[in-house]
Each structure stands twice: as structure tokens, then as C-alpha cells.
Amino acid sequence: MSANSALADKVHDWTTADGKVPVVPIFGLSFSRLDMKQTVSYLSDNIQAGRVMQIVTGNPIMVMYALENPTFFTALDKAELIVPDGTGVVWAANYVGTPVAERVAGFDLLHELMEEGERHRWTAYLLGSTQEVIEEAAARLRQRYPLVRIVGFRNGFFTEDEDEAVIAEIRRAKPDMLFVARAVDNQETWIAKHKEALGVPLMMGVGGSFDSISGKTKRAPVLFQKLRLEWFYRLLREPTRYRRMLALPKFAAKVVREKENVTKRPSIS
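Residues numbered from 1 in each chain as written. Predicted model: local features only at pLDDT ≥ 70, side-chain atom pairs only at ≥ 80, totals over all residues. Heavy atoms only, no water.

A. How the structure looks around the overall build of the protein. Scanning the protein for helices and strands turns up 14 helices and 8 strands. Buried positions account for 48% of the 269 residues belonging to the protein. (Helix = DSSP H or I, 4+ residues; strand = E, 2+ residues; numbered from the N terminus. Buried < 20%, exposed > 50% of the residue type's maximum accessible area, 1.4 Å probe, protein only.)

Right, dumping it as C-alpha cells:
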């Protein structure tokens, strides 16, 4: 039996007595150890039950930002599920001896949930990016997943003064899933702040996924994905991202330097 198969068997029964999933703490943030299939099954059960959940697709850049920003840390910490989107998180979990089953990429999770939605006739609302991008993303998702009803969409350029109107619009639409694509510094915090008012069973930040779905940008080729170098491909295409990418080596160095403390909760001021 392979190591991955053994791990999958180990976390197969995610319906524990307290209803929680197995996690590994990375600098105070609890990352799910479930694989993609188990994650989708878990989320499907929650959507069917109508429980409000915030899903975070976490990566090293977000972890490092959270350690410097208490508000952002709290938003991630209070999320009902954080999946290991970044390969750096997968590496860190393995490095400290509590591996996750596999990387659960946010882009792939979105599509897996849409496929699951086809079977259950779920509804979805898309929020974020530019109006041009969100319109095209909605059109393409409707074409690919015709049994999932896109009950609404709007761009992500609105102010706090408009929050109430945006929330009211989403509540009227009553989606089963809400996918949000805004800047990293307000995407997760916006969901966390308003998730009870929104009342959507599944709310997930999807970053640049709408850009890829609409065709505005291209996802890294399969080879880059297999080599876990999607971040490098994005850097090659968008050199201006280099400042943000500096968080990756800093994260790796911090994990190695503080190995004994990686799974302990840090002091966030």
C-alpha cells in the first residue's frame, strides 16, 4: 500500500463524533487533511444540510500575510474549512510529520463543486473581478454545467457603503454556493464579516479563477502543475507579482527555522 493510499484510508471516515475533519495546524491555521474527493463529499453534505460555511483555499502567501495582519488571521481562523491549496502548505505539513492527503487546488475544487451541483441541481452566485470577466465566466460556466443554475453575478468593485445592497441581492437569489473573487486583503475578510448575513451554505474565495474561466488568463500547463510550479508560471507571465512571491521563500525558511513551533498557535497582536 502506498503512503498516499494509507493516508487516504486513515482519513476516510471524516464524520467524527464532533463532526470535524482531521487537520494539521500551520502557524495557528488549521488546514484540512482530506483529499479532493473527501472534501467535495464533506461540503456536499453540508450544502444539503443548509449549514453556513466559509471555505478558504489557503496558501503560504496567505499564511504569511495572516501572521502580519490580525484581522486577516481572524478571518481565516474562523473559517469552517481551510483546504491546502498551495504546494508550500502541502510540503510544510509533510515536513512537520502530519501530511495532508493531497493538494486541494481552489480552481479544481470550484469545478468539482460545480460537477457535484449538476447532480443535485444546486444554484450558484458569482461575485468578483471586472464586469466583463464575470459576465464571460458566468456564460462559460452555464455552458459547461447547464444543470447548475447561476442565479446571479456582479463585479467585485463595490465599497463598504454598498455592502448592504450586495448582500441583499445575494440573499434574494438564495444560492447554494457563493464564489467570491476579490483582492486577497478583502476577499476572505469580506466573507467572514458578512457570512451570517449572507446565509449561503457554501461561500468560497476563488482568487483569479474567474479570470482563468473567462479566458482572460491561462492556467499553468499540466507539466508546471505536476512539478508544483504553478507559482513560477504565474511569475513568468506576470513579473510584477515578484514582491508578493517573496513570501514563498520566507514561508519555507520560517517552517525550517521554527519546525518545533509550526504546529503551535502563534501570538498574534
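There is more to say, and it comes next.
B. Structural view of the packing of aromatic side chains. This model, assessed by the stated rule, comprises 4 aromatic pairs. Taking 5.7 Å as the distance between ring centres and 70° as the angle between the ring planes, the aromatic pair formed by Phe158 and Trp190 counts as edge-to-face. You can see Phe158 sitting in the loop between strand E6 (149-154) and helix H8 (163-173) and its partner Trp190 sitting in helix H9 (residues 184-198), a full 32 residues away along the chain. Classification of Phe158 by relative accessible area gives buried; the value is 7%. Residue Trp190 is classed as buried on the basis of its relative accessible area of 6%. Residue placement shows Arg182 over the ring face of Phe158; its charged tip is 3.9 Å from the ring centre. (Phe/Tyr/Trp six-rings, centres within 6.5 Å; stacked < 30°, edge-to-face > 60°. Lys NZ or Arg CZ within 6 Å of the ring centre and 35° of its normal.)

C. Expanded view of the nonpolar core. By size, the foremost hydrophobic cluster in this structure holds 35 residues, and its most contacted members are Leu109, Met177, Phe179 and Phe210. Phe179 has contacts with Leu110, Leu113, Met114, Ala124, Tyr125, Leu126, Leu127, Leu202, Met204, Val206 and Phe210, leaving out every residue within four places of it along the chain. (Core = buried A, V, L, I, M, F, W, Y, C linked by side-chain atoms within 4.5 Å. Contact = heavy atoms within 4.5 Å.)

D. Summary view of the pattern of salt bridges. Scanning the model with the defined rule gives 7 salt bridges in all. In this structure, the salt-bridge partner of Arg119 is Glu116, at a minimum N-O distance of 2.4 Å. Of this pair, Arg119 and Glu116 both sit in helix H6 (residues 106-120), 3 residues apart, which is roughly one turn of that helix. Of the residues examined, Arg119 reaches a relative accessible area of 57% and is grouped as exposed. Of the charged contacts in the structure, one is a salt bridge between Lys254 and Glu258, with a shortest N-O distance of 3.0 Å. Taken together, the salt bridges that share partners define one network made up of Lys254, Arg257 and Glu258. (Salt bridge = Lys/Arg side-chain N within 4 Å of Asp/Glu carboxyl O.)

E. Local environment of the confidence of the model for the protein. Overall, the prediction assigns the protein a mean pLDDT of 88, with 82% of residues at 70 or greater. Low confidence marks residues 1-12, where pLDDT is under 50. Its contacts with residues over four positions away, or in another chain, come to 15 contacts. (pLDDT = per-residue confidence, 0-100.)

F. How the structure looks around unusual backbone geometry. In the Ramachandran plot, Ser129 falls in the positive-phi region, its phi being about 60° despite a non-glycine side chain. With respect to the helices and strands, Ser129 occurs in the loop between strand E5 (123-128) and helix H7 (131-144). Since its relative accessible area comes to 15%, Ser129 is described here as buried.

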